[in-house]
Amino acid sequence: MPRQSPPLTPVLERLRRPLTLTWAGLIAERVVRAFWPLWSVLAAGAAAVLLGLHDFLPLEVVWTAMIAAALAVVVFGLRGWRAFAWPTREDAVARIDASLPGHPLAALADAQAVGSGDAASEALWRAHQARMAERAAQARAVEPDLRLSARDPFGLRYVALLGLVVALLFGSVWRAGTVPGLGAGGGAALATGPAWEGWIEPPAYTGLPSLYLNDQRGEIEVPEGSRVTVRLYGEVGALAVSETVSGRTEDVGAATDPEQGFDITRDGMLMIDGPGGQSWDITALPDEGPSVRILQTGAETTFDGQMSQPFRATDDYGVVEGTATFRLDMAALDRRYGLAAEPDPRDPIELDLPMPITGDRAEFTETLIENLSQHAWAHLPVTLELEVRDADGNVGVSQPEKMQLPARRFFDPMAASVIEMRRDLLWARENAKRVAQVLRAVSYRPEDGLFRSETAYLRLRVILRRLETLVRHDSLDAQAQEEIAQALWDLAILLEEGDIGDALERMRAAQERLSEAMKNGASEEEIARLMQELRDATDDYMRQKMQQAQRENQQNGDGAQMPDNAMQMTQQDLQDMMDRIQELMEQGRMAEAQEALEQFQQMMENMRVTQGQGGQQGQSPGQQAMEGLAETLRDQQGLSDEAFRDLQEQFNPDAQAGESQGNEGRSGGQGRGQSHDQPGQQGQGQGSQPGQPGQGGERPGNRQAESGAPGDLAERQEALRRELERQRNGLPGAGTEGGDAARESLDRADQAMRGAEEALRGNDLPEALDRQSEAMEALREGMRNLGEALAENSQQQQGGQGQARGEVGTQQSDPLGRRAGQGNQVGTRDNLLQGEDVYRRARELLDEIRRRSGEGERPEVELDYLERLLDRF
């Protein structure tokens with residue numbers, strides 16, 4: 001640095017304190033950089049001594065570590081001494097000057113080289129010097145750079161410091177006094193002389209027992225990873241352990257250590273040298289990886305979309321866990337319509353494989369059961385890959401299986417359309433506009449029978465408006481996408497299953513679903529399931545009709561008899577027709593099966609059922625209770641529909657104003673028992689006789705609502721609940737299983753109505769709709785339970801009457817022309833005819849069938865049935 005000029009001297013006098021602090025920082029910086037390896041070694045050694053590690057480690061290891069530490073101290077000390085340079089005052093001035101803009105200290109130390117003697121030049125120089133003096137006066141002490149990350153990238157200094165802190169906290173300085181005694185001899189030998197013990201412990205997951213080495217001879221086979229433990233007793237050095245099975249190269253203790261342990265990783269030899277020693281040849285058995293395979297091509301799917309995929313997994317010691325991964329097969333995907341858009345990112349479907357709770361997991365067969373119907377990939381091509389793991393971390397993977405993602409199938413046309421649009425919306429959010437357009441197009445004419453109830457149509461309108469609003473404002477995010485998809489799923493379920501409350505409607509719905517399945521080419525499993533559903537619904541319908549006829553015949557004495565020329569069909573005839581339909585479908589003759597199904601539908605519609613003529617005047621208390629509950633259910637449905645319309649108006653009051661006027665009186669208003677089957681249908685239920693429970697007069701749920709205010713709906717809901725409470729108190733069948741179950745269901749309905757009433761008073765329409773739905777479901781369940789109780793009571797009464805009177809010949813026929821057996825159970829083909837008249841009666845029946853088949857004025861459906869009977873017999 002140039003010789004200091006007079007302008008610099010007073011500045012440095014003023015900067016005495018910053019210069020001193022900067023100089024001290026330079027000393028610390030150079031000491032740290034030069035000697036950090038030395039103090040790291042010292043800290044690590046002190047930590048080991050304070051923790052007393054020398055008392056636990058073998059003597060050879062301790063001495064080796066001490067020698068290595070001493071050499072490290074010497075080497076790092078000399079290296080640091082050579083690298084350390086004592087900082088000077090000029091170094092501190094240069095450090096401060098480098099931190100200031102323009103290097104003012106160096107400028108103050110300079111002398112004017114050009115223009116000396118020129119007044120203007122000297123004035124300019126003096127101004128420059130004054131400006132640099134002002135900058136120099138602002139100087140501050142410079143912090144030292146103590147960072148060592150470039151010199152110690154692994155942070156070894158921190159490891160040593162942490163060990164020292166831990167030793168100071170949990171160790172003791174008194175342990176340092178035991179270091180000089182490391183050369184002392186071991187404990188006294190046992191009086192009996194040298195002895196040893198040893199064990200081999202297989203890994204816990206193998207379930208194999210431990211082996212006591214003192215009892216083993218010759219060759220030993222154990223799994224890899226088995227733990228060997230050897231204990232040597234007596235004088236140290238009398239016995240030694242040698243082995244070649246662990247493959248250890250580090251942390252190897254002395255061969256004469258009293259206690260030794262290591263893992264078996266390979267084949268080799270284990271030997272104990274010395275008096276009484278032995279040797280063994282060890283064979284390490286490797287842990288084979290698990291395997292898994294799919295047992296069945298194509299998962300079985302139930303009617304509600306629940307998948308069942310069997311698989312088989314094996315492992316030598318047992319499978320611990322597994323996963324099933326479904327990945328979208330883009331190569332096999334038909335990229336048309338809504339699937340033409342680029343899909344939103346979606347992770348593969350990962351499911352945990354079920355494991356046996358008890359028993360051996362070395363080889364087992366399980367079934368993966370899951371319902372993926374609501375996933376965006378439902379019915380799309382995917383690949384299924386199973387992966388299993390064992391306790392050792394080995395992995396087994398199955399061959400990828402191509403399939404369509406199992407899910408529920410929808411046969412109602414409108415429900416299928418909604419599900420397809422839901423899939424397109426989940427596929428890509430950019431499909432939202434197209435989804436809204438398609439749904440609006442397919443629901444253009446709701447009065448054409450597309451919707452089972454007005455509720456379904458109103459739900460679709462609400463979903464459409466929300467979706468179109470989100471699209472218009474470009475605010476369809478992932479959360480809104482999932483919410484709308486869930487709403488569409490709920491709507492599709494409502495459209496598919498409907499709000500069916502009686503057996504006849506269930507039977508018709510089953511017929512429609514079976515017809516749609518045959519038209520759409522459903523699988524054999526789906527058709528078989530729908531056929532069984534039709535059988536069950538038909539049996540339920542005929543059983544209810546039979547019970548109704550028996551009750552009416554009991555009230556009217558002998559009852560009305562069917563005319564002689566009326567055609568009676570047995571339940572076996574219906575079963576034969578359904579068997580024929582199923583046989584045609586199994587043979588692939590779908591056109592003939594469809595025609596037979598249509599004939600079956602027409603026959604069920606035209607079938608005549610024997611009914612009494614007593615009307616409602618002779619109704620039993622059970623029938624009155626059933627009709628009262630049915631009326632309450634219809635009123636509750638009306639209130640629910642009106643609450644839903646109010647909710648719709650909250651979303652879009654202007655657009656709904658006209659619709660609300662047009663819909664007034666349809667459900668919950670002037671409907672009065674309307675079935676709510678189709679949007680736009682209006683009508684009055686037939687009036688009931690005064691004085692009957694639950695009928696006559698003006699019911700709470702039937703009053704005309706002058707306004708759609710939630711307060712008015714809450715009052716009507718409260719009145720309907722009170723009516724239900726009155727009906728529940730007078731419910732027949734007390735003490736029977738069915739009667740008690742009916743009361744429990746009506747209790748739940750009462751609680752749900754209370755919740756709906758509170759929600760309506762709080763203007764919480766969504767909550768009110770949920771509670772009203774629960775109330776209707778509980779009402780339906782109560783009616784079913786009450787019907788079963790009444791049927792059981794009727795059977796017991798008629799069975800007792802028959803035994804008391806002995807009038808077997810006067811038993812009434814059921815709607816299919818059968819006579820009731822014991823307990824009113826439906827008879828079979830057994831004991832229909834007995835004695836010598838069997839063949840004569842058969843000929844008469846065959847002649848009668850031929851005669852009727854020749855009468856051209858009979859309905860075509862009946863003639864076709866008669867022809868089939870002739871062909872069969």
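Located above this text is the structure these notes cover.
Cut-off values and rules
Residues numbered from 1 in each chain as written. Predicted model: local features only at pLDDT ≥ 70, side-chain atom pairs only at ≥ 80, totals over all residues. Heavy atoms only, no water. Helix = DSSP H or I, 4+ residues; strand = E, 2+ residues; numbered from the N terminus. Buried < 20%, exposed > 50% of the residue type's maximum accessible area, 1.4 Å probe, protein only. Contact = heavy atoms within 4.5 Å. Areas by Shrake-Rupley, 256 points an atom, 1.4 Å probe, with all protein chains shown as cover. Expected span 1.5 Å × (residues − 1). Pairing = 2+ DSSP bridges. Axes fitted to C-alpha atoms, helices over the stretch in contact; angles between N-to-C directions. Lys, Arg positive; Asp, Glu negative; His and termini not counted. Salt bridge = Lys/Arg side-chain N within 4 Å of Asp/Glu carboxyl O. Polar contact = N/O pair within 3.5 Å; in protein donor to acceptor, adjacent residues only side chain to side chain. Phe/Tyr/Trp six-rings, centres within 6.5 Å; stacked < 30°, edge-to-face > 60°. Parallel < 35°, antiparallel > 145°, perpendicular 65-115°, else oblique. Nonpolar A, V, L, I, M, F, W, Y, C, P; charged D, E, K, R; others polar. Patch = residues over 30% accessible without salt bridge, like charges linked within 9 Å, V, L, I, M, F, W, Y side chains within 5 Å. Charge placed at Lys NZ, Arg CZ, Asp CG, Glu CD.

K.L.:
Just checking my understanding: could you explain the overall build of the chain for this structure?
P.N.:
If you tally the helices and strands in the chain, you get 22 helices and 17 strands. When each of the 873 residues of the chain is scored for burial, the buried share is 40%. Put simply, of all contacts in the chain between residues at least 6 apart along the chain, 74% involve residues at least 24 apart. Here the chain displays about 47,500 Å² of accessible surface, and carbon together with sulfur accounts for 50% of that area.

K.L.:
How should I be thinking about helix α11 (residues 478-497) in this particular structure?
P.N.:
Owing to its 3.6 residues per turn, the α-helix brings residues three or four apart onto one side. Counted at 1.5 Å a residue, the expected span for α11 with its 20 residues is 28 Å, and the 29 Å between its end C-alpha atoms agrees. Those residues of α11 that sit buried are Ala 480, Gln 481, Ile 484, Ala 485, Leu 488, Trp 489, Leu 491, Ala 492, Ile 493, Leu 494, Leu 495 and Glu 496.

K.L.:
Would you mind going over the sheet that holds strand β5 (residues 240-243) with me for this structure?
P.N.:
Strand pairing within a sheet occurs via backbone hydrogen bonds; the two strands may be parallel or antiparallel. In spatial order, the strands read β3-β8-β7-β5; together these 4 strands make up an open sheet with mixed pairing. For this open sheet the edge positions go to β3 (219-223) and β5, each flanked by a neighbour on one side alone. Shown here is a sheet whose adjacent strand axes are inclined to one another by a mean of 25 degrees, direction ignored. Pairing analysis gives 5 bridges linking β3 to strand β8 (residues 279-285), with the strands arranged parallel. Residue pairing for β8: Val 222 is matched across the bridge by Ala 284.

K.L.:
I keep staring at the side chain of Asp 287 and nothing clicks. Help me out?
P.N.:
With respect to the helices and strands, the residue Asp 287 is situated in the loop between β8 and β9 (291-294). Comment: no salt bridge for buried Asp 287; closest opposite-charge side chain is Arg 389, at 13 Å. A polar atom in the side chain of Asp 287 sits 3.1 Å from the side chain of Tyr 205.

K.L.:
Please explain the packing of aromatic side chains as it appears in this structure.
P.N.:
For any pair of aromatic rings, the description rests on two quantities: the centre-to-centre distance and the angle between the ring planes. The final tally for this structure, using the stated rule, is 8 aromatic pairs. The interplanar angle of 70 degrees and the centroid separation of 6.0 Å between the aromatic rings of Trp 23 and Trp 86 together place this pair among those described as edge-to-face. Placement of the pair is Trp 23 in helix α2 (residues 16-51) and Trp 86 in the loop between α3 (59-83) and α4 (89-99), with a sequence separation of 63 residues. Taking relative accessible area as the criterion, Trp 86 reaches 54% and is therefore assigned exposed. Consider the rings of Trp 196 and Trp 280, whose centres lie 5.8 Å apart with planes at 75 degrees: the pair is edge-to-face. Taken together, the residues span a long stretch of sequence, with Trp 196 in strand β1 (residues 195-201) and Trp 280 in strand β8 at a distance of 84 residues.

K.L.:
Before we go on, may I ask you to explain the packing of helix α8 (residues 413-427) against helix α9 (residues 432-442) in this structure?
P.N.:
Each pair of packed helices can be described by the angle between their axes along with the distance between the axes. Across the interface, α8 lies against α9 with an axial gap of 9 Å and an inter-helix angle of 170 degrees. Regarding the angle of α8 to α9, the classification is roughly antiparallel. Taken together, the residues of α9 that come into contact with α8 (itself represented by Met 414, Val 418, Met 421, Asp 424 and Leu 425) are Ala 432, Arg 434, Val 435, Val 438, Leu 439 and Val 442. Counted by class, the contact of α8 with α9 contains 9 nonpolar, no polar and 2 charged residues.

K.L.:
For this particular structure, what's the right way to read a negative patch on the surface?
P.N.:
Where like charges cluster on the molecular surface, the negative patch consists of Glu 737, Asp 740, Glu 744, Glu 788 and Glu 792. The leading source of residues in the negative patch is helix α19 (residues 737-761), at 3 residues. As for its placement among the helices and strands, Asp 740 is situated in helix α19.

K.L.:
What is the right way to read the pattern of salt bridges from this model?
P.N.:
Any two side chains of opposite charge can pair, on the condition that their charged atoms come close. Summed over all chains, the structure comprises 31 salt bridges. Notably, a salt bridge pairs Arg 423 with Glu 420, separated by 3.9 Å at the nearest N-O pair. With a gap of 3 residues between them, Arg 423 and Glu 420 both fall in helix α8, about one helical turn apart. Glu 420 gets classed as partly exposed once you look at its relative accessible area, which sits at 34%. Taking the shortest distance from any N to any O, the salt bridge between Arg 771 and Glu 774 comes out at 2.4 Å. Of the two residues, Arg 771 and Glu 774 are both situated in helix α20 (residues 765-805); the distance of 3 residues between them amounts to about one turn of the helix.

K.L.:
In this structure, what is going on with the sheet that holds strand β4 (residues 227-233)? I would like to understand it.
P.N.:
The 4 strands lie next to each other as β2-β1-β4-β6, forming an open sheet whose pairing is antiparallel. Every other strand in the sheet has two partners, leaving β2 (211-212) and β6 (259-263) as the edge strands with one partner each. Bridge count for β4 against β6 is 5 bridges, and the pairing is antiparallel. Bridging from a neighbouring strand, Arg 231 pairs with Glu 259 of β6.

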